[in-house]
Amino acid sequence: MVRANLVSMILLMHAIVGFPFHARGLSMTYYMMSCPFAEQIVKNSVNNALQADPTLSAGLIRMLFHDCFIEGCDASILLDSTKDNTAEKDSPANLSLRGYKIIDDAKQKIENRCPGVVSCADIVAMAARDAVFWAGGPYYDIPKGRFDGKRSKIEDTRNLPSPFLNASQLIQTFGQRGFTPQDVVALSGAHTLGVARCSSFKARLTVPDSSLDSTFANTLSKTCSAGDNAEQPFDATRNDFDNAYFNALQMKSGVLFSDQTLFNTPRTRNLVSGYALNQAKFFFDFQQAMRKMSNLDVKLGSQGEIRQNCRSIN
C-alpha cells in the first residue's frame, strides 16, 4: 500500500512539474489502443524473474545501457550472430550480460496478445525501468514507440565506455551523446546493483593506488585469487537500489577505476558527496538521466521494424 501511494505521488509530481510526455515522436500512451496490456506483461515477466533471482535487476539495467549506447535504443543488443555477422552480444564487453530470457518471455506473451505491435526496444526500456523499481529505486515512466534496428555488429561495441576511463574521459564520452557531468555521476549510481568481474579491476591492484583503501584492496585481491571471472559486489547492498555506492566511493572503496575516479576528481566529487548525503536527490537525478538514456537515438517508423522474434530481424 505504501509503495502504491508512493507511485501515485510521484506520478502526480510528474504532472505538476511538467515532465514531457512526448519525446521525438514517442508517446506515453503509444500502446493504449493497440496493446493496452503490454506494460503489465513486461512488469509481470520482470517481477517473476527477479523474485527467483534478484541479481538479474542489475543485468536488465546494464542491458539497456549497452543497447542504447550503440546505435541508440533499438534492441540491437538482442540480435544473435549469424554465419555472416558477429553481433554485439558476442563482444567481450557484452558476454557477461544477463536477462535475455526475461525479454524473450515478455515478447512471446505480448505477441500472443498483440502480434506485430510492441517493439523489442520498448520492452528492453520498460524492463530496465521495472527492474529499478523492483530493487527499491525510483519509479519513472518513459514514452514508448521505439522501433527495432536491423544492424548489430561486434565492431560497434568499441564505443562502449571502458571501466578504465577517468572522470574527464567519461564526461567527454557521455557528453558526445548529450549527457551532462551530473548525468554521468547519476547513471554511474546504477552500480549500486550488481557485481564486477576481477578482469575489470585487477589492474588497480598491481601498482600503488592512493585512491584505494588498503583494507578494501585486500578484499579485491582475495576476490581475484579465484580468477578473472570472480565477482565483487559494487557495494554492500548488491541487490538493493540505494545510495550505498556513493558512500563506498567516499570511503575509497569503489570497485572499478571508473567508479572511484568520480570521487577523486574535483569536477564530480561534490556530486558524489551530494548523492551520498541525499538519496532522494540521487533518485530524482537518476530517473531524469534514465529517461534521457532510454530516448537515445531511437528509431521511428521506416528507420526500423517491429521484430517478431527479438533475436533476429524479420
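Look above for the structure.
Here the structure is a predicted model, which means the values were calculated and not measured.

Residues of helix H8 (residues 214-224) that are buried: Phe216, Ala217, Leu220, Thr223 and Cys224. Projected down its long axis, H8 carries its buried residues within an arc of 115°, all on one side. Set apart from the buried face of H8 by more than 90 degrees, the exposed residues are Ser214, Thr215, Asn218 and Lys222. Structurally, the start of H8 carries an N-cap: the backbone nitrogen of Thr215 is 3.1 Å from a side-chain oxygen of Asp213.

Attention now moves to empty space enclosed by the protein. Following the criterion strictly, the structure yields 1 cavity of 30 Å³ or more and no others. What lines the largest cavity is Leu78, Lys89, Tyr100, Ile103, Asp104, Cys310 and Arg311. By residue class, the composition of the lining of the largest cavity is 4 nonpolar, no polar and 3 charged.

The next point concerns the packing of aromatic side chains. Throughout the structure, instances matching the rule amount to 15 aromatic pairs. Judged by centre distance (5.6 Å) and plane angle (80°), the rings of Phe133 and Tyr139 are edge-to-face. With a relative accessible area of 15%, Phe133 lands in the buried category. With a relative accessible area of 16%, Tyr139 lands in the buried category. Relative to Phe282, the ring of Tyr275 has its centre 5.6 Å away and its plane inclined at 50°; by these criteria the two rings are tilted. Residue classification places Tyr275 among the buried positions, given a relative accessible area of 1%. Here the guanidinium or amino end of Lys89 rests over the ring plane of Tyr100, the centre of that ring lying 4.4 Å away.

Note on soluble globular proteins: their nonpolar side chains tend to be buried together. Among the nonpolar cores identified, the biggest contains 73 residues, and Leu78, Ile103, Phe246, Leu262 and Met293 are the most heavily contacted of them. Cys198, Phe201, Phe216 and Leu220 belong to the second largest nonpolar core, which has 11 residues in total.

Turning to the pattern of salt bridges, a few remarks are in order. This model, assessed by the stated rule, comprises 20 salt bridges. The residue Arg151 makes a salt bridge to Glu71 at a minimum N-O spacing of 3.6 Å. In this pair, Arg151 sits in the loop between helix H5 (120-134) and helix H6 (167-175) while Glu71 sits in the loop between helix H3 (56-68) and helix H4 (100-113), placing the two residues 80 residues apart along the sequence. Relative accessible area serves as the criterion here: at 35%, Arg151 is assigned to the partly exposed category. One salt bridge connects Asp285 with Lys281, and the closest N-O pair in it is separated by 3.3 Å. Separated by 4 residues within a single helix, Asp285 and Lys281 lie in helix H12 (residues 279-294), roughly one turn from each other. Each of the salt bridges in this network shares a partner with another, and the network as a whole consists of Glu39, Arg129, Asp130, Asp141 and Lys144.

Reading the values: the criteria
- Residues numbered from 1 in each chain as written.
- Predicted model: local features only at pLDDT ≥ 70, side-chain atom pairs only at ≥ 80, totals over all residues.
- Heavy atoms only, no water.
- Buried < 20%, exposed > 50% of the residue type's maximum accessible area, 1.4 Å probe, protein only.
- Helix = DSSP H or I, 4+ residues; strand = E, 2+ residues; numbered from the N terminus.
- Arc of directions from axis to C-beta.
- Polar contact = N/O pair within 3.5 Å; in protein donor to acceptor, adjacent residues only side chain to side chain.
- 1 Å grid on protein atoms, 1.4 Å probe; cavity = no way out; pocket = protein on both sides within 12 Å on 5 of 7 lines; lining within 4 Å.
- Points joined across faces, edges and corners; volume = space filled by probe spheres on them.
- Nonpolar A, V, L, I, M, F, W, Y, C, P; charged D, E, K, R; others polar.
- Phe/Tyr/Trp six-rings, centres within 6.5 Å; stacked < 30°, edge-to-face > 60°.
- Lys NZ or Arg CZ within 6 Å of the ring centre and 35° of its normal.
- Core = buried A, V, L, I, M, F, W, Y, C linked by side-chain atoms within 4.5 Å.
- Salt bridge = Lys/Arg side-chain N within 4 Å of Asp/Glu carboxyl O.

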